[in-house]
Amino acid sequence: MAIKKKSIYHASIYLRLSKEDGDVVTGTKGESDSISNQKSLILDYLEGKPEIKVMSVREDDGYTGTDFNRPAFQAMLDDVRKGIIDCIIVKDLSRFGRNYIEVGRYLEKLFPMLGVRFIAVNDNYDSLDADTAHDIVMPFKNLINDSYCRDLSVKIRSHLEVKRKNGEFLGAFACYGYLKDETNHNQLVTDAYAGQVVQDIFRMKINGMSQYRIADALNEQGILSPMEYKKSMGSRYESSFKVNAQAMWTAKAVTRILTNEVYTGVLIQGKQTTPNHKVKVRQAVEEKDWVRVENAHQPLVDKTLFDIVQNLMGRDSRTSPNGKTVYPLSGLVFCGDCGQPMVRKTSKYNRKKCTDEKKENYGYFVCNGKCKGGSCSWHHISEDTLYEAVLTSLNLHIKKVLDVQDAIKAIESAPSQKLMVQKYQERIEKKSEELKKAELLKTGIYEDLKDGLLDKEEYLELKAEFNRRIIDAKSAIENLQKQIDDLTCNCSERYAWMKYFRDFGELKELTRWAAAIAIDRVLIYEDNRIRIVFNFETDLSQMQEMIAYL
């Protein structure tokens, strides 16, 4: 569409260079798209255009052509709206933009409506002299520029996906506790100072400190928060979480560290994406589609401690108003009858043996279900009685674990593994026969239904029974196969939790550290029976089974 000709035009030279455009890449471009080359080419062109007076030169260096929210581009449009310029000059259409729809909207609607002359030097396009031929050719050029971006986006996405699956770190900044390797920025290496802070945070959590207390302790010790630490290392890291002049440790920051699997050596990437190269709004990706790579870097926290912390995060382990740590069994005691957590309460009592009748605290646990008006019975247990019983049971359990530690080498030996694998394979074969038999019987009753030997009610009843047998057999085969997979894995890694029991030795008193690592839950029943569910019981049972089989 041609516009009305003027005697003088006030122009803005627009220059753009994105990372993918770069300078000349061997075999891909015959001409450099650098900012300086674009400017020189346009100035040479203007030597023969005395009616065009240059008012400004706008540069967007490092911005993609698919995004029109570029600072220099928007500043140029502001000049258009203010009437400062009425002519825009670019090297070619791809410098103006690579979005077919947006470029067409500017060239065919907005600029003609605003009376703006548009010149693309290398495309030999000048809207002042535009004719029908240009009107036909220009949309095709825009489409080609758009297609270039789309193809490039597909290639980049594919390349990044390969790098993620190879366990290469693609983030702009390494998370707290790690640094980017100086020789390979796609590899994470531990930060000696920050890594120790991360380990201390996990230890403090297991020892009973809440996230708030941990944050306070770190601030009191003068340890820089993740943001301030990165800045002190010369990083230009910024975060939307900062609300004060100097970012301090907060409970949320501690929680983010305690729940981040990266500290176990697992690299999880691809949690967010954009729909395509034109839409820049990031969208969440379903967890099943995340790229997860084990042992991608050196772990700061072993899997045992990490899993224990995740379990504790979901428990009610609040401290008293003036307390800094929780009680040894806080969040671990449950009612064996209704499953509700047991609540620790205290009451005052007088010591009769003391002449001054000094009052002391009496601690006890009571069912929370009853406290909340539930149907469970009103039963409780003395804190001292519970601690004594748990300490005795825990020491016996530790001894049981230590009794089998000498057999670890035998368990890891190839002959013993081979015997156990053979045993599980024999069980799988037997279950496979049961599965095949149940499937044949299920088919047979359908034939009996057709022949009138069974009525519909009998058929449905038998069908349900055979379906149950099929499901049970498949589940058993799956579990047995998992046992085989576990046996063939690195036993030293699988039983790494045993080192903590070796460190415990014989406990003289019940500590939060030992209780949190060794105990999953303590169940208290109405008749004051106590049942302790220990962590790693399945692994211990399998170890004992293998020892017995040798």
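To be clear, the structure that these remarks concern was listed above.
Counting of residues starts from 1 at the beginning of each chain's written sequence and follows it residue by residue. In keeping with the model being predicted, local features are shown solely for residues with a pLDDT of at least 70 and side-chain atom pairs are shown and tallied solely at 80 or more, while totals for entire chains, interfaces and linings include all residues. Computation of side-chain values covers all heavy atoms of the structure but excludes hydrogens and water.

Here we look at the nonpolar core
To define a nonpolar core, start from buried Ala, Val, Leu, Ile, Met, Phe, Trp, Tyr and Cys residues and group those joined through side-chain atoms within 4.5 Å. For every residue, the accessible area (1.4 Å probe, protein chains only) is compared with the maximum for its type, and the residue is labelled buried under 20%, exposed over 50%, or partly exposed between those bounds. Tyr176, Ile201, Trp249, Tyr263 and Leu329 are the most contacted members of the largest nonpolar core, which totals 75 residues. In terms of nonpolar packing, the next biggest core, distinct from the first, is built from 20 residues, Met76, Leu93, Val103 and Ala120 among them.

Observations concerning the sheet that holds strand 17 (residues 530–534)
At least two DSSP bridges between two strands are required for those strands to pair. Starting at the N terminus, helices and strands are each numbered in turn, a helix being any DSSP run of H or I of at least four residues and a strand any DSSP run of E of at least two. Read across the open sheet, the three strands follow the order 12-16-17; overall the sheet is mixed. Edge positions in the sheet fall to strand 12 (333–335) and strand 17, since each has one partner strand and no second. Averaged over all adjacent pairs, the angle separating strand axes in this sheet is 25°, with direction ignored. Sheet topology places strand 16 (residues 519–524) next to strand 17; five bridges connect them, and they run antiparallel. Paired with Val522 across the strands is Ile532, a residue of strand 17. The contact criterion used throughout is that any non-hydrogen atoms of two residues lie within 4.5 Å. To obtain an axis, a line is fitted to C-alpha atoms, over the contacting stretch when the element is a helix, and the angle between two such axes runs from 0 to 180 degrees between their N-to-C directions. Against the sheet, helix 12 (residues 383–403) engages strand 12, strand 16 and strand 17, with an angle of about 45° to strand 17.

Details of the pattern of salt bridges
Salt bridges are defined by distance alone: a side-chain nitrogen of Lys or Arg within 4 Å of a carboxyl oxygen of Asp or Glu. In this structure the tally under the stated criterion is 24 salt bridges. Here Arg468 ties to Glu465 by a salt bridge, and the two come within 2.6 Å at their closest N and O atoms. Linking Arg468 with Glu465, this pair stays in helix 15 (residues 456–488), spanning three residues, or about one helical turn. Among the ionic contacts, a cluster of salt bridges with common partners joins Glu465, Arg468, Arg469 and Asp472.

Quick notes on helix 9 (residues 251–258)
Residues Ala251, Ala253, Val254, Ile257 and Leu258 constitute the buried set of helix 9. Seen end-on, helix 9 carries its buried residues on one side only, within an arc spanning 160°. Those residues of helix 9 hidden inside the fold are in contact with helix 6 (192–206), helix 7 (211–220) and helix 10 (303–313). What the arc measures is the spread of directions leading from the helix axis to the C-beta atoms.

Some details on the pairing of strand 16
Side chains on a regular strand alternate between the two faces of the sheet. Burial runs high along strand 16: five of the six residues are buried. As paired strands, strand 12 and strand 16 are joined by three bridges and run parallel to one another. The partner of Val333 across the bridge, within strand 16, is Val522. Between strand 16 and strand 17, which pair antiparallel in sequence order, lie five residues; one of them, Asn528, sits at a positive phi of approximately 70°.

Thoughts on the sheet that holds strand 5 (residues 125–126)
Sheet architecture is open: five strands sit in the order 2-1-3-4-5, paired in mixed fashion. Every other strand in the sheet has two partners, leaving strand 2 (52–61) and strand 5 as the edge strands with one partner each. As defined by bridge partners, strand 1 (residues 9–17) adjoins strand 2 across nine bridges and the pair is classed as parallel. By the bridge assignment for strand 2, Leu17 is matched with Asp61. Across the face of the sheet, helix 1 (residues 35–46) comes into contact with strand 1, strand 2, strand 3 (87–90), strand 4 (117–120) and strand 5 while running at roughly 155° to strand 1. Where helix 2 (residues 71–81) meets the sheet, its contacts fall on strand 1, strand 2 and strand 3, and the angle it forms with strand 2 comes to roughly 150°.

Quick notes on the packing of aromatic side chains
Between rings of Phe, Tyr and Trp, where Trp is taken as its six-membered ring, a pair exists when centres lie within 6.5 Å; planes separated by under 30 degrees are stacked, by over 60 edge-to-face, and by other angles tilted. Tallying each qualifying case throughout the model produces 24 aromatic pairs. When the centroid spacing of 5.8 Å and the interplanar angle of 70° are considered together, the rings of Phe96 and Phe111 count as edge-to-face. In this pair, Phe96 is assigned in helix 3 (residues 93–96) and Phe111 in helix 4 (residues 100–114), connecting sequence segments 15 residues apart. Comparing Phe96 with Phe111 shows no difference in burial state: the two are buried. An angle of 40° between the planes, with centres 6.2 Å apart, marks the rings of Phe202 and Phe306 as tilted. Here Phe202 is found in helix 6, whereas its partner Phe306 is found in helix 10, with 104 residues between them in sequence.

What to know about the state of the cysteines
The definition used for a disulfide is geometric: two cysteine sulfur atoms within 2.5 Å. Throughout the structure, instances matching the rule amount to zero disulfides. No disulfide involves Cys335; its sulfur sits 3.6 Å from the nearest other cysteine sulfur, which is in Cys376.

A look at the packing of helix 6 against helix 7
The N-to-C vectors of helix 6 and helix 7 enclose an angle of 140°; their axes lie 10 Å apart at closest approach. The angle between helix 6 and helix 7 places the two elements in the oblique class. Of the two possible hands of crossing, helix 6 and helix 7 adopt the one that is right-handed. Contacts from Val197, Ile201, Met204 and Lys205 in helix 6 reach Gln211, Ile214, Ala217 and Leu218 in helix 7. All residues other than Ala, Val, Leu, Ile, Met, Phe, Trp, Tyr, Cys, Pro, Asp, Glu, Lys and Arg, Gly among them, are scored as polar; the first ten of these are nonpolar and the last four charged. By residue class, the composition of the contact of helix 6 with helix 7 is six nonpolar, one polar and one charged. The cut-offs work like this: below 35 degrees is roughly parallel, past 145 is roughly antiparallel, 65 to 115 is roughly perpendicular, and the gaps in between are oblique. Crossing handedness follows the turn of the near helix against the far one: under a right angle anticlockwise gives a left-handed crossing, and clockwise gives a right-handed one.

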